[in-house]
Amino acid sequence: RILVTGAVGQIGSELVPFLRKRYGVNNVIASDVSEIHSSSAEGPYVQADIMKFDKLDEVIQKHDINFVIHLACVLSAIGEQIPVLALKVNTRGIENILELARINKLRVYAPSSIAIYGPTTPKDETPQECVARPTTIYGITKVYTELIGEYYHQRFGVDFRSLRYPGIISSEAQPGGGTTDYAVEIYHEAIANKKYTCFLKEDTKMPMMYMPDTLRGTIQLIEAPEETLTQRSYNLTGMSFTPAEMAKEIQKEIPEFQIDYSPDFRQAIAESWPRSIDDSVARRDWNWKPEFNLSSMTKHIISRLREKKNLPST
Ligand code: VAH
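Residues numbered from 1 in each chain as written. Predicted model: local features only at pLDDT ≥ 70, side-chain atom pairs only at ≥ 80, totals over all residues. Heavy atoms only, no water.

## A look at the overall build of the protein
Per the secondary structure count, the protein includes 11 helices and 13 strands. A compact globule built from 314 residues should have a C-alpha radius of gyration of about 20 Å, and the protein, at 19 Å, falls within 12% of that. Considering only residue pairs separated by 6 or more positions, the protein has 77% of its internal contacts joining residues 24 or more positions apart. Of the roughly 13,400 Å² that the protein leaves accessible, carbon and sulfur atoms contribute 52%. Across the protein, the mean location of the 36 positive side-chain charges is 2 Å away from that of the 40 negative side-chain charges. (Helix = DSSP H or I, 4+ residues; strand = E, 2+ residues; numbered from the N terminus. Rg over C-alpha atoms; globule rule 2.2 N^0.38 Å. Contact = heavy atoms within 4.5 Å. Areas by Shrake-Rupley, 256 points an atom, 1.4 Å probe, with all protein chains shown as cover. Lys, Arg positive; Asp, Glu negative; His and termini not counted. Charge placed at Lys NZ, Arg CZ, Asp CG, Glu CD.)

So this is what it looks like as structure tokens:
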């Protein structure tokens, strides 16, 4: 059975139902630090704090877990506001999961992020292998996640896999305190108020991906035969764009949409990251290929949001 930590977060909210459809509802145990959550309505949910080793061990034994998908972490923006929290949660969390994996022979999937790259990394088409000296606490903990995961793989034989996610955009769940959150908020604001004040400068280009591509790519890596893998953690991306380019696409669907810009502390975080990512190694090793671009994603999300708010389609 699979245990998903951080199941209530942006990725977890969509990955859990996706996994349940594929592997069976009762084979996917959702967990998060909060007591109960609506996801428990659609299948098994346990409250579990990733900082508590014994509690996690109890869940693993009780639910016969053999694979942990570890999503629980503190993202970049909140991390820069409370660095000590991000440092503790993001390092102790993966340490507990890997130790439990070593003892109980579990598989582990734990996302990394393009946030592992910093100001000294090439900004365009950042390659799979290059300098990764991040200047955010979140990025530092994701470098650590990759390195400690690779160590448990080569030293103890733990099947550890990871993807360096770009900013992830979804219509179903609100993001959880990241620097790329503007790319989710903007759609909701465009539908609700036909205007949005962006917390980044209009020309801030970042690597992004639409959630359906994220779900598919994650399953592809999880199910890839071990012998096809040349890395434990892969660069992955769908597209790159700026807030101005995003606003222009939205105006094709909502002509009266207006955007203005009021950069805040997250501008410096965004500028420390790459503008675009080279994911050719994932394409070579396990046939990765994104299906959505900015235009098709925008059309898809706006029609989805209109449906959810039962608004007319045009
Ligand atoms: C964040 N959404 O903004 C995350 C992600 C590359 C960005 O890691 O922190």
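## Focus: the pattern of salt bridges
The final tally for this structure, using the stated rule, is 21 salt bridges. Across the pair Arg102 and Glu99 runs a salt bridge, and its minimum N-O distance is 2.7 Å. Residue Arg102 and its partner Glu99 are located together in helix 4 (residues 83-104), separated by three residues, close to a single helical turn. The partly exposed category is assigned to Arg102, whose relative accessible area is 32%. In this structure, Asp159 engages Arg232 in a salt bridge whose closest nitrogen and oxygen atoms are separated by 3.2 Å. (Salt bridge = Lys/Arg side-chain N within 4 Å of Asp/Glu carboxyl O. Buried < 20%, exposed > 50% of the residue type's maximum accessible area, 1.4 Å probe, protein only.)

## Notes on helix 1 (residues 10-23)
In a regular helix each residue adds 1.5 Å, so 14 residues correspond to 20 Å; helix 1 covers 20 Å between its end C-alpha atoms and thus fits that length. All of the buried residues in helix 1 are Gln10, Ile11, Gly12, Glu14, Leu15, Val16, Leu19 and Arg20. Phi for Gly24, located one or two positions after helix 1, is positive at around 100 degrees. (Expected span 1.5 Å × (residues − 1).)

## What to know about unusual backbone geometry
Of note, the phi angle at Glu125 is positive, near 55 degrees, even though the residue is not glycine. Tracing the chain through its elements places Glu125 in the loop between strand 6 (112-113) and helix 5 (137-156). The residue Lys194 is not glycine, and still its phi comes out positive at about 60 degrees. Overall, Lys194 belongs to the partly exposed group, its relative accessible area being 34%.

## Looking at the packing of aromatic side chains
Applying the stated criterion across every chain yields a total of eight aromatic pairs. Pairing Tyr151 with Phe156 gives two aromatic rings, centres 6.1 Å apart and planes at 80 degrees, and the pair type is edge-to-face. Residue Tyr151 is classed as partly exposed on the basis of its relative accessible area, which comes to 37%. With a relative accessible area of 35%, Phe156 lands in the partly exposed category. Within the aromatic cluster, the residues linked to one another by ring pairs are Tyr151, Tyr152 and Phe156. (Phe/Tyr/Trp six-rings, centres within 6.5 Å; stacked < 30°, edge-to-face > 60°.)

## Thoughts on the nonpolar core
In this structure, Ile169, Tyr182, Tyr187, Phe241, Met246 and Met297 are the most contacted members of the largest nonpolar core, which totals 38 residues. Secondary-structure elements contributing two or more residues to this core are helix 6 (182-193), strand 9 (195-198), strand 10 (206-210), strand 12 (239-241), helix 8 (243-253), helix 9 (266-271) and helix 11 (294-308). If you tally residues by element for this core, the top one is helix 6, at seven residues. Contact partners of Tyr182, with chain neighbours within four places excluded, come to Tyr196, Cys198, Phe199, Leu200, Met206, Met208, Phe241, Thr242, Pro243 and Met246. If you look at the next biggest cluster of nonpolar residues, it comprises 31 residues, including Ala7, Leu221, Ala282 and Trp286. (Core = buried A, V, L, I, M, F, W, Y, C linked by side-chain atoms within 4.5 Å.)

## What to know about the packing of helix 6 against helix 8
For the pair helix 6 and helix 8, the least separation of the axes is 11 Å and the interaxial angle reads 30 degrees. The angle between the axes of helix 6 and helix 8 places the two elements in the roughly parallel class. Where helix 6 crosses over helix 8, the two elements pack in a sense that is right-handed. Across the interface between the two elements, Tyr182, Ala183, Ile186, Tyr187 and Ala190 of helix 6 pack against Pro243, Met246 and Ile250 of helix 8. The class makeup of the residues in the contact of helix 6 with helix 8 is eight nonpolar, no polar and no charged. (Axes fitted to C-alpha atoms, helices over the stretch in contact; angles between N-to-C directions. Parallel < 35°, antiparallel > 145°, perpendicular 65-115°, else oblique. Left-handed = near helix turned anticlockwise from the far one by under 90°. Nonpolar A, V, L, I, M, F, W, Y, C, P; charged D, E, K, R; others polar.)

## A short note on the sheet that holds strand 8 (residues 167-169)
Spatially, the three strands line up as an open sheet ordered 8-10-12, and their pairing is mixed. The open sheet has two edge strands, strand 8 and strand 12, and neither has a second partner. Here the average twist between neighbouring strands, direction ignored, is 45 degrees. Contacts from helix 11 reach strand 8, strand 10 and strand 12, with the element oriented near 85 degrees to strand 12. (Pairing = 2+ DSSP bridges.)

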